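# An overview of the molecular structure
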Amino acid sequence: MTMTMNWMLETVSVHAGEEPDQRELEARGLGVPVHMAASFELPEFGPELFDALLLESPNPPHAYSRWSNPTLRALEEKISALEGAEGAVVTASGMAAISAALLTFLQSGDHLVASEVCYVGTMELMGQYLSRFGIEATLVDTADLEQVKAALKPETRMIYAETPANPVLRLADIEALAGAARQAGALLVVDSTWAGPYIQRPLALGADYVIHSMTKFLNGHGDALGGAVLGPREGIRRIRKEMLVHLGGALSPFNAWLIMRGISTYPLRMERHCRNAAALARYLEGHPKIDRVIYPGLASHPQHALAKRQMAGFGGMLTFQLKGGMQAAIKMAARLKLIKYATSLGHPQTLVFYYPTDLYIDAVEYINPQQKKGIREWMGEGIARLSVGLENIEDLVADLERALD
Ligand code: PLP
């Protein structure tokens, strides 16, 4: 926009140079630009305007960034292509993706069967808060198909599984769960954050929707929260129209841009995450101060055969039990120099986080004593969770060696 229009300074400061689309076309930049615009000039009165405002088609014109935005749409296209999904909706965080999917497809009177061990925020949402909306959740070991089938009711509308499950690395057989869901007339939703599309393709195995916290391996740099739900075009359109717009968990375009950039090196990074994690798993399994290592790539993992069948790699996450329990874990964390004591995962840096079983499982009220006993068999008194980063493996082993000495 030129300044020949005789505008006053206030008008010029608002409008000059603000015709972005033409400039972008001329620039022919190779990267996707960050569109920070909150609002977009609307199509003239007619069907396109209604589409923009009411989100009737899968790719409506942009109206407002809580509905859609060009940078977000670029990320949605990228992540859909990675997962082999018809469509995606990206969200402000993994939890925003989970809550939007649950509240789109479940309503008062519906029943949900879900993993009894998964990311703690998801467990709390299902165990403590969904009942406020009249949605009943039965938490079971989704690794055990019989438990899942036994929990199904005529009102069951969804089976929800996280595999591998945070933090215990229990797996669920996606193909088998998809069969059970189909028979029950329910949707299968899989949180595949810990594996990611480099390793696991839930939609190809029969899941209806896949969820990611893109905060983790997909972004991979630990500098942006983000989430996504992927699945059939019409269901994705419903999530956006019914819940994302109304719950308001829209992703920032800047975070979308960071995640886009992160994803371009995702396969390379995953190769290294997996290689380093496998090496650390083997090292820790042979260490005299370690009781048990849980990593899907180890023959000692109770579901190693399933891991080989449904995963194309074993991921960057592992957990282990220390002889000496929590006291030993506290000492180890204090002595680590390279490995950081921190929550989250999928960062370039290796991170460790400790879960004492009594606080994490025994203290919660929404799982029964029998379930707690089963989880304790996996966790012992507590587990240290390692998100294995991209460092040189020899430096990581040396850091653990010193800390465990
Ligand atoms: N799903 C899994 C498996 C996770 O591990 C996490 C976080 O750790 C989430 C969802 C939540 O993601 P966010 O922190 O992006 O909301």
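Since this is a predicted model, take the numbers as computed values, not measurements. (Residues numbered from 1 in each chain as written. Predicted model: local features only at pLDDT ≥ 70, side-chain atom pairs only at ≥ 80, totals over all residues. Heavy atoms only, no water.)

### Structural notes on empty space enclosed by the protein
Tallied over the entire structure, the rule returns 2 cavities of 30 Å³ or more. Size it by volume and the largest cavity reaches roughly 60 Å³. For the largest cavity, the full set of lining residues is Ser115, Glu116, Val117, Val140, Asp141, Thr142, Ala143, Glu162, Ala165, Arg170, Leu171 and Ala172. Among the residues forming the lining of the largest cavity, the class breakdown is 6 nonpolar, 2 polar and 4 charged. A volume near 40 Å³ is recorded for the second largest cavity. Forming the boundary of the second largest cavity are Asn219, His221, Asp223, Leu258, Arg261 and Gly262. Of the residues assigned to the lining of the second largest cavity, the class counts are 1 nonpolar, 3 polar and 2 charged. (1 Å grid on protein atoms, 1.4 Å probe; cavity = no way out; pocket = protein on both sides within 12 Å on 5 of 7 lines; lining within 4 Å. Points joined across faces, edges and corners; volume = space filled by probe spheres on them. Nonpolar A, V, L, I, M, F, W, Y, C, P; charged D, E, K, R; others polar.)

### Focus on the site of the ligand
In the vicinity of the ligand lie 14 residues, with Gly94, Met95, Asp191, Ser213 and Thr215 positioned nearest. Contact distances for the ligand include 2.9 Å between an oxygen atom and a side-chain N or O atom of asparagine 166. Threonine 215 is positioned with one of its side-chain polar atoms (N or O) 2.6 Å from an oxygen atom of the ligand. Taking 400 Å² as the accessible area of the ligand by itself, protein coverage stands at 92%. Considering each element in turn, the shell around the ligand owes the most residues, 3 residues, to helix α5 (residues 94-105). Here the shell around the ligand is composed, by residue class, of 4 nonpolar, 7 polar and 3 charged. (Near = heavy atom within 4 Å. Polar contact = N/O pair within 3.5 Å; in protein donor to acceptor, adjacent residues only side chain to side chain. Areas by Shrake-Rupley, 256 points an atom, 1.4 Å probe, with all protein chains shown as cover. Helix = DSSP H or I, 4+ residues; strand = E, 2+ residues; numbered from the N terminus.)

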